[in-house]
Amino acid sequence: DSEALEEVVVIGYGTQKKADVTSAVASVKAESFNKGAILDAGQLVQGKVAGLQISLNSGDPTASTSVMLRGNSSLKGSSSPLILVDGVPGSFSTVAPEEIESIDVLKDGSATAIYGTRGTNGVIIITTKNANREMPATIEYNGYVSVSTRMKEADFMSAEDLRARMKEGWEFSGANDKDYGDNVDWVDEVSRTGITHNHNLTFRGGGKNTSLIGSLNYSNRQGTFKKSDNENIRGRLEFTHRMFNDKLTTNLAIIANESTSGVGFNTNVYRYACIQNPTQSIYDENGNYVERQVYFYDNPISILNETDGMNRRRNVRFTGSLTYRPYADLTLKAMYTRKGQSSL
């Protein structure tokens, strides 16, 4: 309806016609989110909003999506937009993708007027699901299993190729100085087919004045290289109570997550696997790793098997708010948030 363009939208510094501001504000609802194996909230709207660049630069299962909304606005500072989760600064990984109701993107200068300099690079507003009034108690489960593999492999010289070149008279030096008699695909030895499984359980319900929602999410992701893993547990609990004929609303919410990843995979493993002599054995006749005195030429299998460790990160966020509406056109809201983070 063309008449709808005359509607007025209130922004941070005044009012504008809806026709003037529509191109600068984008909203994506849950039913329009991308489907499939989603790493974090960023991939839900990847390709959905004009001007919003979301990319995953690494196959590392511990990585997260990078985002750019208004281009590079600083030489040294961050160009990432401000991300708000239910009104509180957070990140794409603060809550599980299954718990998100909508994502709104503010692209123009009004974001700076509302959120100050933090909104210089734009603002992404994430709204989580909640429980409605008079809603019967429901339990919802959804999950998936996905498989990841290398889409395209580099064409390295095999043991047969190396021997053929040597017979043709080619001369090699350093690591490939001679034929050691074996046939090893080093990249294949450090690689695997990664299996990821994700499970999300949500409970919600509500009465006349009180509503409650709780969720628990577990994901286990494997990278395409051995010992590249990430385990993530996220929980969320939100309680809302309305009093005095809906004039006073109390909301309490807690979000917690714990991420655990192994440090058994060294990023140099792939480099070492790429430059290894394919005729060289992994182990010698005594079962020891074959190590040669060549500069920066370690056995990748030894590094992979003999490196062990664990990274653990915990994040907890508590939010409480009071909303008072003495009149239909006046709302007073006070919010308190406390966040805690620890690493091991």
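Position labels on residues start from 1 in each chain and follow its written sequence. Selection of residues for local features in this predicted model requires a pLDDT of at least 70, selection of side-chain atom pairs for listing and counting requires 80 or more, and totals for whole chains, interfaces and linings are taken over all residues. In computing side-chain properties, one takes all heavy atoms of the structure into account and sets aside hydrogens as well as water.

Caption draft 1: Examining the pattern of salt bridges more closely. The salt bridge definition used is simple: a Lys or Arg side-chain nitrogen within 4 Å of an Asp or Glu carboxyl oxygen. Under the definition given, this model contains ten salt bridges. Glu153 is the salt-bridge partner of Arg150, the closest N and O atoms lying 2.9 Å from each other. The salt bridge involving Arg192 is made with Asp229; its shortest N-O contact spans 2.9 Å. Of the two residues, Arg192 is situated in the loop between helix H5 (186-189) and strand E11 (194-206) and Asp229 in strand E13 (residues 229-243); the sequence distance between them amounts to 37 residues. Buried residues are those whose accessible area, probed at 1.4 Å on protein chains only, stays under 20% of the maximum for their type, while exposed residues exceed 50% and partly exposed ones sit between those limits. Residue classification places Asp229 among the partly exposed positions, given a relative accessible area of 25%. Secondary structure follows DSSP: runs of H or I at least 4 residues long count as helices, runs of E at least 2 residues long count as strands, and numbering of each begins at the N terminus.

Caption draft 2: View of the side chain of Gln43. Residue position: Gln43 is located in helix H2 (residues 41-44). The criterion used for residue contact is that any of the two residues' heavy atoms lie within 4.5 Å. With residues up to four places along the chain from it excluded, the contact list for Gln43 reads Asn34, Ala37, Ile38, Ile54, Leu56 and Thr65.

Caption draft 3: Molecular detail of the environment of Asp229. Separated by 33 residues in the primary sequence, Asp229 and Gly262 place their C-alpha atoms 6.1 Å from one another. Polar contacts, as used here, are pairs of N or O atoms within 3.5 Å; protein pairs need one atom able to donate a hydrogen and one able to accept it. Residues neighboring in sequence count only if both atoms are side-chain atoms. Polar side-chain contacts of Asp229 include one of 2.9 Å to the side chain of Arg192.

Caption draft 4: Structural detail: the nonpolar core. Grouped together as the largest cluster of nonpolar side chains are 23 residues, with contacts concentrated most on Phe33, Leu52, Ile100, Ile103, Ile124 and Ile126. Elements that contribute at least two residues to this core include exactly strand E3 (25-29), H2, strand E6 (82-85), strand E8 (100-106) and strand E9 (123-128). No other element matches E8, which puts three residues into this core. When neighbours within four sequence positions are excluded, Ile124 is seen to be in contact with Leu52, Val67, Pro81, Leu82, Ile83, Leu84, Phe92, Ile103, Asp104 and Val105. Think of a nonpolar core as a cluster: buried Ala, Val, Leu, Ile, Met, Phe, Trp, Tyr and Cys residues, connected wherever their side-chain atoms sit within 4.5 Å. Among the nonpolar cores identified, the runner-up in size contains twelve residues, and Val187, Phe225, Ala273 and Ile282 belong to it.

Caption draft 5: How the structure looks around helix H6 (residues 268-275). Regarding H6, the residues found buried are Val269, Tyr272 and Ala273. Along H6, the residues classed as buried sweep out an arc of 100 degrees about the axis, all on the same side. Tucked inside the fold, the buried residues of H6 contact H5 and helix H7 (300-306). This arc corresponds to the set of directions leading from the helix axis out to the C-beta atoms.

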